[in-house]
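Given next are the chains, with one letter for each unit.
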Amino acid sequence: MHSIYPTISRFSNNHSIHLRRYNRPFLSHPLPPPLPPRLRTTKLLRLLCTIGTSAINTTQPFTYESKISDRITISKTLKIAIVGFGNFGQFLAKTLVRQGHTILAHSRTDYSDIAADIGVSYYNNADDLSEEHPDVILLCTSVLSTEKVLRSLPLERLKRSTLFVDVLSVKEFAKELFLRILPSDFDILCTHPMFGPESGKHSWEGLPFMYDKVRIGSNESSVLRCENFLEAFSKAGCIMKEMTCDEHDQYAAGSQFITHTVGRILEKLDLGSTPINTKGYERLLDLVENTSSDSFELYYGLFMYNKNAMQQLERLELAFESLKKELSDQLHEVMKKQLFQTKDRHLGVLQEPRALLKLPTNGNGHALPPRSTSDII
Ligand code: NAP
């Protein structure tokens, strides 16, 4: 669904009217049926008045457009512009296209061919994309590049009320960025699909989808637009989890970041399949495959932009050290025992009967220390 009505910036710094933006919708979309001459004049006059008002003071509410957009019923299918059409952007696009949404895309790299295969309209130029007036801008850029990409978007060319959604794997950072950069008229929905092109390649059924309605207007069209967007994921079978971005980051550092870290550590071991793989080992190999198919930039973003990640990394290190210590303590115990037994044998003392090694454990769960030689008859 798109508006054929001209939209004029309220965010423009130079207070000028964006003529390209003004012309494009009339040129690129089917024209409405011609109006009778008297009505045509009235419409033109109304239009000129509005332009005049905006040109004089662009900070005034653009009442004509907002009234019209309030009256537009948001259709169930949305016009969604994916910005960042890499691995994850393309993955989401496939399902959204299948659901009947109109998908546009823009990225740093030219993905026109891939987009055409999926059924997505590709725009090399962000201005052209914006002038298509999408209902939703879905940011699928890497965590590290998001601020740069967001700042490069011609926000003034978008519909005044546009829903901005992100899928970044770190949420407090995305929320703070959106609130800082986006004008207050834009709605904000922070999301994190807890799956990727590997784990969700067959289906999204039963996979968690986290979201936080950071700023959704109270008017009906804003509310419906947000619900329709979320429905794309609930309809695909996702388990919808509403929580704050802060809660997400705490959970994700202790789960997703740990998973990726362990996967990447194992990858460094260059593990291979063996003729006697256990189920557990097969799962480890899957983990390596899953995590290594994601870019290192994504992993680095999980670390860099989640304040809880460093603590988890330290805990992981401590856990590894503590496990190693447990093993070496045990080994030390065994070696001590062997050492003393050998020494005793050399001294002609009788060897401790084997049965004694099977003594029950003490309160600490450790084997009882060997009895002193005087106890041995
Ligand atoms: P990624 O490496 O995190 O991001 C790749 C995307 O970022 C591409 O679209 C790329 O554009 C763009 N990009 C990178 N550097 C850029 C720069 N300097 N300027 C402009 N664009 C730049 O890999 P991804 O898997 O596609 O993830 C995209 C987003 O989805 C991330 O925020 C990630 O956290 C989130 N996410 C990913 C998964 C997953 O399983 N992969 C799951 C949930 C959420 P070009 O391709 O045009 O270079």
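Now for a quick tour of the structure.

## Things to note about the pattern of salt bridges
Logical step 1: Inspection of every chain in the model, using the stated rule, returns 16 salt bridges.
Logical step 2: Between K201 and E198 there is a salt bridge; the shortest N-O distance is 3.1 Å.
Logical step 3: Relative accessible area serves as the criterion here: at 29%, E198 is assigned to the partly exposed category.
Logical step 4: K213 is the salt-bridge partner of E227, the closest N and O atoms lying 2.8 Å from each other. Taken together, the positions of E227 in helix α9 (residues 220-235) and K213 in strand β7 (residues 208-215) put the pair 14 residues apart, joining distant regions of the chain.
Logical step 5: A relative accessible area of 30% means that K213 is categorised as partly exposed.
Logical step 6: The network of salt bridges with shared partners includes E147, R151, E176 and R180.

## Considerations on the site of the ligand
Logical step 1: Around the ligand lies a shell of 28 residues, among which S107, Y111, T141, S169 and S295 are the nearest.
Logical step 2: Measuring from an oxygen atom of the ligand, one finds a backbone N or O atom of S142 at 2.8 Å.
Logical step 3: The contact in question runs from an oxygen atom of the ligand to an N or O atom on the side chain of S295, over 2.6 Å.
Logical step 4: Here the ligand has 870 Å² of accessible area as a free molecule, and 89% of this is covered by the chains.
Logical step 5: When residues of the shell around the ligand are traced back to their parent elements, those giving at least two are α4 (87-98), α7 (146-152), β6 (187-193) and α12 (296-304).
Logical step 6: Taken together, the residues that form the shell around the ligand break down as twelve nonpolar, twelve polar and four charged.

## What to know about α4
Logical step 1: Across its twelve residues, α4 extends 18 Å between first and last C-alpha, which sits within 8% of the 16 Å expected from 1.5 Å per residue.
Logical step 2: Three or more residues of α4 are buried, namely F88, G89, Q90, F91, L92, A93, T95 and L96.
Logical step 3: Against β1 (79-83), β2 (102-106), α5 (112-118), β4 (136-139), β6 and α9 lie the buried residues of α4.

## So, the packing of aromatic side chains
Logical step 1: The final tally for this structure, using the stated rule, is 17 aromatic pairs.
Logical step 2: Taking the centre distance of 6.1 Å and the plane angle of 25° together, the rings of F257 and F303 count as stacked. With F257 in helix α10 (residues 245-268) and F303 in helix α12, this pair connects stretches of sequence that are 46 residues apart.
Logical step 3: For F257, a relative accessible area of 3% corresponds to the buried category.
Logical step 4: The exposure class of F303 is partly exposed, given its relative accessible area of 25%.

## With respect to the pairing of β1
Logical step 1: Counted residue by residue, β1 has five buried out of five residues, so it is predominantly covered.
Logical step 2: What you see with β1 is no split at all: K79, A81 and V83 on one side and I80 and I82 on the other are buried throughout.
Logical step 3: Chirality of the crossover, the property in question, places the unit of β1, α4 and β2 among those that are right-handed.
Logical step 4: Pairing analysis gives four bridges linking β1 to β4, with the strands arranged parallel. Each residue of the ladder has a partner; that of V83, found in β4, is L139.

## Here we look at the side chain of Q99
Logical step 1: Looking at the element boundaries, Q99 is found in the loop between α4 and β2.
Logical step 2: Take Q99: its relative accessible area is 18%, and that puts it in the buried class.
Logical step 3: A polar contact is formed between the side chain of Q99 and the side chain of H101, at a distance of 3.5 Å.
Logical step 4: Other than its neighbours up to four places away in sequence, Q99 contacts T77, A232, K235 and A236.

## Quick look at unusual backbone geometry
For residues other than glycine, phi is negative in most cases, and the peptide bonds are mostly trans.
Logical step 1: The backbone of H133 sits at a positive phi, close to 50°, despite the residue not being glycine.
Logical step 2: As for its placement among the helices and strands, H133 is situated in the loop between α6 (126-130) and β4.
Logical step 3: Accessibility expressed as a relative area gives 0% for H133, which makes it buried.
Logical step 4: The residue D270 is not glycine, and still its phi comes out positive at about 55°.
Logical step 5: Position of D270 relative to the elements: it lies in the loop between α10 and α11 (279-292).

## Concerning the sheet that holds β1
Logical step 1: Spatial ordering of the open sheet is given by β3-β2-β1-β4-β5-β6-β7-β8, a layout of eight strands whose pairing is mixed. Looking at the sheet topology across the chains shown, the edges are occupied by β3 (121-122) and β8 (239-242).
Logical step 2: Packing of helix α8 (residues 171-181) onto the sheet brings it into contact with β4, β5 (163-166), β6 and β7, and relative to β6 it is tilted by some 160°.
Logical step 3: Against the sheet, α10 touches β6 and β7, its axis set at about 150° to β7.

## Comments concerning the packing of α8 against α10
Logical step 1: In contact at an axis separation of 7 Å, α8 and α10 are set at 150° when each is read in the N-to-C sense. Taken as axis vectors, α8 and α10 run roughly antiparallel relative to one another. Side by side, α8 and α10 meet where K171, E172 and K175 of the first sit next to C245, D246, H248 and D249 of the second.
Logical step 2: Grouping the amino acids of the contact of α8 with α10 by side-chain chemistry returns one nonpolar, one polar and five charged.

Definitions and limits used
- Residues numbered from 1 in each chain as written.
- Predicted model: local features only at pLDDT ≥ 70, side-chain atom pairs only at ≥ 80, totals over all residues.
- Heavy atoms only, no water.
- Salt bridge = Lys/Arg side-chain N within 4 Å of Asp/Glu carboxyl O.
- Buried < 20%, exposed > 50% of the residue type's maximum accessible area, 1.4 Å probe, protein only.
- Helix = DSSP H or I, 4+ residues; strand = E, 2+ residues; numbered from the N terminus.
- Near = heavy atom within 4 Å.
- Polar contact = N/O pair within 3.5 Å; in protein donor to acceptor, adjacent residues only side chain to side chain.
- Areas by Shrake-Rupley, 256 points an atom, 1.4 Å probe, with all protein chains shown as cover.
- Nonpolar A, V, L, I, M, F, W, Y, C, P; charged D, E, K, R; others polar.
- Expected span 1.5 Å × (residues − 1).
- Contact = heavy atoms within 4.5 Å.
- Phe/Tyr/Trp six-rings, centres within 6.5 Å; stacked < 30°, edge-to-face > 60°.
- Right-handed = clockwise from strand over helix to strand, strands pointing away.
- Pairing = 2+ DSSP bridges.
- Axes fitted to C-alpha atoms, helices over the stretch in contact; angles between N-to-C directions.
- Parallel < 35°, antiparallel > 145°, perpendicular 65-115°, else oblique.

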